[in-house]
Amino acid sequence: MERLIKQVTESLEKAGLVEIEVSARHVHLTAEDVEALFGKGAVLHPKRPLSQKGQFLSEERVTLVGKKRKMERVAVLGPVRRDTQVELSVSDCVALGVEAPLRESGDVEGTGPIIIEGPAGSLQISQGAMVAHNHIHVPTQTAARLGLKDKERVSVKILTERPVTFEDVIIRVREDFNFKMHIDFDEANAASVKGFTLGKIIKHT
């Protein structure tokens, strides 16, 4: 069975088809901010692994506070990062009353302010709130096979009953990546993404 799955996966990759994963609103925290929100000596406790190696959904949850309302029980992803960031959809930003620019995950300079509340304290970060730019995680071997380069921009046609083509999708290449495209819930709803969904990568000429 594992061999068959591997063969099917390789066939899909060779055809330039990538699995679509939908990313809900979530928070990444520094080790210092984990302690500020959950108490001195606190660490993140893995609940389940995510598709990218070493990444996990933690047991911890936080509340986001905007000008209009709060959002409770927002997921915290681990492991800890160098910078705290809050990834939202455009709909989330409207509901919260938060201004957050479109950015590639990890690029927090000049992003929006937001308040994060935890059981042991709260943080008012001056930057970190963003709408994460859609992107594809590409393993090095797959990138070589498909002729893709790190930071390259491509289009992706979502193969559903309501097909949508996303332009300007960022390619991210690393040896330990699993081949997945990440979009947020607004984008998923626009393309009627439900369950297992594939997208066709279209290189720009």
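Please refer to the structure higher up on the page.
Residues numbered from 1 in each chain as written. Predicted model: local features only at pLDDT ≥ 70, side-chain atom pairs only at ≥ 80, totals over all residues. Heavy atoms only, no water.

Undergrad: Break down the pairing of strand β14 (residues 198-202) for me, with residues and values.
TA: One face of the sheet, then the other: side chains in a regular strand alternate in exactly this way. Bridge count between strand β1 (residues 17-23) and β14: three bridges; the pairing is antiparallel. Of the residues in β14, the one forming a bridge with Glu19 is Leu198. With four bridges joining them, strand β11 (residues 153-158) and β14 adopt antiparallel strand pairing. Looking across to β14, one finds that Lys157 is bridged to Lys200. (Pairing = 2+ DSSP bridges. Helix = DSSP H or I, 4+ residues; strand = E, 2+ residues; numbered from the N terminus.)

Undergrad: Would you mind going over the nonpolar core in detail, with residue names and values included?
TA: Of all hydrophobic cores here, the largest spans 25 residues; its most connected members are Val62, Leu64, Ile114 and Ile116. Counting only elements with at least two residues in this core, the list comes to α2 (31-38), β4 (56-65), β5 (70-78), β6 (85-88), α3 (90-96), β8 (112-118) and β9 (121-132). Top element by residues in this core is β9. It accounts for four residues. Discounting chain neighbours no more than four positions away, the residues touching Ile114 are Leu64, Val65, Val86, Leu88, Leu96, Val98, Leu123, Gln124, Ile125 and Ala129. In this structure, Val154, Ile158, Val169 and Ile201 belong to the second largest nonpolar core, which totals 20 residues. (Core = buried A, V, L, I, M, F, W, Y, C linked by side-chain atoms within 4.5 Å. Buried < 20%, exposed > 50% of the residue type's maximum accessible area, 1.4 Å probe, protein only. Contact = heavy atoms within 4.5 Å.)

Undergrad: Describe the layout of surface pockets, naming the residues involved and giving the relevant values.
TA: Of the pockets and cavities examined, the largest pocket occupies roughly 880 Å³. Looking at the largest pocket, it is lined by 37 residues, and the ones nearest its centre are Ser23, His26, Leu77, His137 and His182. Within the residue set of the lining of the largest pocket, elements represented by two or more residues are β1, β2 (26-28), β5, β6, β10 (135-138), β12 (164-173), β13 (180-184) and α5 (185-190). Among the residues making up the lining of the largest pocket, the classes are represented as twelve nonpolar, 13 polar and twelve charged. In this structure, the second largest pocket spans a volume of roughly 510 Å³. Lining the second largest pocket we find 23 residues, and of these Thr9, Glu13, Pro139, Thr142 and Phe179 sit closest to its centre. Among the elements that make up the lining of the second largest pocket, the one with the highest residue count is helix α1 (residues 2-14) (six residues). Of the residues belonging to the lining of the second largest pocket, the class tally is nine nonpolar, five polar and nine charged. (1 Å grid on protein atoms, 1.4 Å probe; cavity = no way out; pocket = protein on both sides within 12 Å on 5 of 7 lines; lining within 4 Å. Points joined across faces, edges and corners; volume = space filled by probe spheres on them. Nonpolar A, V, L, I, M, F, W, Y, C, P; charged D, E, K, R; others polar.)

Undergrad: Can you break down the side chain of Thr197 residue by residue, with the values?
TA: You can see Thr197 is positioned in the loop between α5 and β14. Residue class for Thr197 comes out buried when judged on its relative accessible area of 4%. Here the side chain of Thr197 touches Lys194 through a polar contact of 3.5 Å, landing on its backbone oxygen. Filtering out sequence-adjacent residues up to four positions away, Thr197 remains in contact with Val18, Glu19, Ile20, Ile158, Leu159 and Thr160. (Polar contact = N/O pair within 3.5 Å; in protein donor to acceptor, adjacent residues only side chain to side chain.)

Undergrad: Outline the pairing of β13, listing residues and values.
TA: Within β13, five of the five residues are buried, leaving the element largely enclosed by the surrounding structure. Of the pairings in the sheet, the one linking β1 to β13 comprises five bridges and is parallel in character. The partner of Glu21 across the bridge, within β13, is His182. In the sheet, β10 pairs with β13 via three bridges, with the strands oriented antiparallel. Of the residues in β13, the one forming a bridge with Ile136 is Met181.

Undergrad: Which residues make up the pattern of salt bridges, and what are the values?
TA: In total, this model carries eleven salt bridges according to the counting rule given. Linking Glu13 and Arg145 is a salt bridge whose minimum nitrogen-to-oxygen distance equals 3.0 Å. Note that Glu13 is positioned in helix α1 and Arg145 in helix α4 (residues 140-146), a separation of 132 residues in sequence. Taking the relative accessible area as the measure of exposure, Glu13 reaches 12% and is therefore buried. What makes Arg145 partly exposed here is its relative accessible area of 40%. Here Arg103 makes a salt bridge to Asp107, at a shortest N to O gap of 3.9 Å. Among the charged side chains, a salt-bridge network with shared partners connects Glu104, Lys151 and Arg172. (Salt bridge = Lys/Arg side-chain N within 4 Å of Asp/Glu carboxyl O.)

Purely geometric stuff here, so don't read any function into it on its own.
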